[in-house]
Amino acid sequence: MVSLVSYLIVSAALLGIGVYGLTVKRNAIRILFAVEIIVNAANLNFAAFTRYLNPPQVSGQVIVFYSIAAAAMEAAVGLALILVAFRLNQSIDVRKLNKLKG
Amino acid sequence: MVQLLAPSDLVFVLLAAVTLIAAILALQAKELIYGAIALGISFIGIAGFFVFLDAPYLAMLQIAVYVGAVVVLILFTIMLVRREETEALSELPEGGQGAVGLWLAGLLAVAISGVAALAGPNLPSTPPTGDLPVSSLGLVIAAEYPVPLVILALLISAALLGALVLAKLEK
């Protein structure tokens, strides 16, 4: 069978990919992609730990359940914000969204 | 760590490769639409991991919510945002920021993997026997965590109303 460490490594790699997207990308939609990837890495960790460390309990799965719902919500709000930013600014380049800069 | 002999290990490696490559493609694809589709494939890979981890309900939820709702929402948003705008931004930023981001991400992933591998001997290498019945998740949510469920419902209502108000905002 697959060891717990394998899941942790896959999850760490997903986190790395997400952080790369967060730091490098300029497109707001791609930054949202990166956030979703990071949330998924966390969900994978919760499910793996709950499977390997306390098998009769499913508390980790409960957390993943809430996390999926919250992440879907966050995507809806984020996309609405991106639409508003595009309408006001004619651009979704996060480097051009600097109207609040003093 | 991962022996390529047992069929379940082979499936795990394939699943990991699909998930990670799709996640990279989601960020690096030239066209944003292809990126969104790659993101959906990556989410399906995560759902496969959930099946592996004896969490079929989570796998179903993942496919229904992420692949069914979030990716479709993203696709619609991409269509509402002007096309040339989304294409022009796909290139890597100028200067050294790309390299810095790559180093940061690589360092983070390697550090966490290293810690996990160091702790490896203390962690179980095989899951304990005994399955987790699907019904137990529903029972635990309804019996032990009812208040978070209600709070989640309120939160979702508030967030959806907020999203509607934002999207209807007039200039």
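Draft legend 1. Fine view of the overall build of chain A. Of the regular secondary structure elements, chain A holds three helices and zero strands. Over its C-alpha atoms chain A spans a radius of gyration of 17 Å, topping by over 25% the 13 Å that the globule rule assigns to 102 residues. Based on the C-alpha atoms only, the size of chain A along its principal axes is roughly 50 × 25 × 25 Å. Counting the 102 residues in chain A, one finds 62% classified as buried. Partitioning the intrachain contacts of chain A with sequence separation of at least 6 by distance along the chain shows that 49% fall at a separation of at least 24.

Draft legend 2. How the structure looks around the overall build of chain B. Summing up its helical and strand segments, chain B has seven helices and zero strands in all. Reading chain B from its N end, one meets helices and strands in the order α-α-α-α-α-α-α. For chain B, buried positions account for 26% of its 171 residues. Across chain B, contacts joining residues at least 24 apart in sequence account for 43% of those joining residues at least 6 apart.

Draft legend 3. Representation of the environment of V13 of chain B within the structure. For V13 of chain B, the position within the fold is in helix α1 (residues 7-28). Here V13 of chain B falls in the partly exposed class, since 16 other C-beta atoms lie within 10 Å of it.

Draft legend 4. Quick look at the interface of chain A and chain B. Opposite the 62 residues of chain A that make contact, chain B presents 81 residues. Broken down by secondary-structure element, the contributors of at least two residues to the side of chain A that touches chain B are α1 (4-24), α2 (28-53) and α3 (59-89) of chain A. When residues in the side of chain A that touches chain B are grouped by element, the largest group, 21 residues, is from α3 of chain A. Considered class by class, the residues forming the side of chain A that touches chain B number 46 nonpolar, nine polar and seven charged.

Draft legend 5. The nonpolar core, seen in detail. Residues A47 of chain A together with F50 of chain B are the most contacted members of the largest nonpolar core, which totals 77 residues. Elements with a contribution of two residues or more to this core: α1, α2 and α3 of chain A together with α1, α2 (32-52), α3 (56-80) and α5 (97-119) of chain B. For this core, the element with the most residues is α2 of chain A, which contributes 15 residues.

Draft legend 6. Geometry of the packing of α3 of chain A against helix α7 (residues 146-168) of chain B. As a packed pair, α3 of chain A and α7 of chain B sit with axes 8 Å apart at the nearest point and diverge in direction by 10 degrees. One finds that α3 of chain A runs roughly parallel with respect to α7 of chain B. Here α3 of chain A runs over α7 of chain B; the crossing is left-handed. Side by side, α3 of chain A and α7 of chain B meet where Y66, A69, M73, A76, V77, A80, L81, L83 and V84 of chain A of the first sit next to P148, L152, L155, I156, A159, L160, G162, A163, L166 and A167 of chain B of the second.

Draft legend 7. Main features of α7 of chain B. The terminal C-alpha atoms of α7 of chain B lie 33 Å apart, and with 23 residues this matches the ideal 33 Å at 1.5 Å per residue to within 8%. α7 of chain B sits mainly on the outside: one of its 23 residues count as buried.

Draft legend 8. Representation of the packing of α3 of chain A against α3 of chain B. Following both chains from N to C, one finds α3 of chain A and α3 of chain B inclined at 5 degrees, their axes separated by 10 Å at the closest point. One way to sum up the angle between α3 of chain A and α3 of chain B is to call them roughly parallel. Between α3 of chain A and α3 of chain B, the contacting residues are Q61, V64, F65, I68, A72, A75, A76, L79, I82 and L83 of chain A on the first element and L58, L61, Q62, V65, A69, V70, L73, I74, T77 and L80 of chain B on the second. Taken together, the residues of the contact of α3 of chain A with α3 of chain B sort by class into 17 nonpolar, three polar and no charged.

Draft legend 9. Summary view of α5 of chain B. Between its terminal C-alpha atoms α5 of chain B stretches 33 Å, which fits the 33 Å expected from 23 residues at 1.5 Å a residue. Of the positions making up α5 of chain B, those classed as buried are A105, A109 and A116 of chain B. On its buried face, α5 of chain B is in contact with α1 of chain A.

Draft legend 10. Quick peek at the confidence of the model for chain B. Residues and elements named next belong to chain B. Taken as a whole, chain B shows an average pLDDT of 82; of its residues, 82% reach a score of 70 or greater. Across chain B, α2 holds the top mean pLDDT of 92, while helix α4 (residues 83-88) sits lowest at 59. Overall fold confidence for the complex sits at a pTM of 0.87, while the interface term, ipTM, reaches 0.90.

Draft legend 11. Inspection of the confidence of the model for chain A at higher detail. Taken as a whole, chain A shows an average pLDDT of 87; of its residues, 97% reach a score of 70 or greater. Here α3 of chain A stands out as the least confident element of chain A, with mean pLDDT 89; α2 of chain A is the most confident, with 91.

Draft legend 12. Spotlight on unusual backbone geometry. Phi angles above zero are rare outside glycine, and D54 of chain B is one such case at about 65 degrees. Note on placement: D54 of chain B falls in the loop between α2 and α3.

Conventions adopted
Residue numbers restart at each chain and count upward from 1, following the sequence in its written direction. Chains carry letters from A onward and ligands carry numbers from 1 onward, assigned in written order. The predicted nature of this model means local features are confined to residues of pLDDT at least 70 and side-chain atom pairs, given and counted, to a pLDDT of 80 or more, with totals for whole chains, interfaces and linings taken over all residues. The helix count covers DSSP runs of H or I at least four residues long, the strand count covers runs of E at least two residues long, and both are numbered beginning at the N terminus. Computation of the radius of gyration draws on C-alpha atoms alone. For the globule rule, the value is 2.2 Å times the number of residues to the power 0.38. Partly exposed residues are those falling between the two cut-offs: more than 12 but fewer than 20 other C-beta atoms within 10 Å of their own, whereas 20 or more means buried and 12 or fewer means exposed, with C-beta atoms placed from the backbone. The contact rule is simple: place each C-beta atom from the backbone, and if two of them lie within 7 Å, those residues are in contact. When residues are grouped by polarity, Ala, Val, Leu, Ile, Met, Phe, Trp, Tyr, Cys and Pro land in nonpolar, Asp, Glu, Lys and Arg in charged, and all others, Gly among them, in polar. Nonpolar core, as used here: buried Ala, Val, Leu, Ile, Met, Phe, Trp, Tyr and Cys residues forming one set through C-beta atoms within 7 Å. Angles here are taken between N-to-C directions and fall from 0 to 180 degrees, while the axes themselves are lines fitted to C-alpha atoms, restricted in helices to the stretch in contact. Any angle that is under 35 degrees is reported as roughly parallel, and any over 145 degrees as roughly antiparallel; angles of 65 to 115 degrees are reported as roughly perpendicular and all others as oblique. The handedness criterion is simple: a crossing whose near helix is rotated anticlockwise from the far helix by less than a right angle is left-handed, and one whose near helix is rotated clockwise is right-handed. Here the expected length of a helix is defined as 1.5 Å per residue gap, with one fewer gap than residues. Per-residue confidence from the predictor is given as pLDDT, running between 0 and 100.

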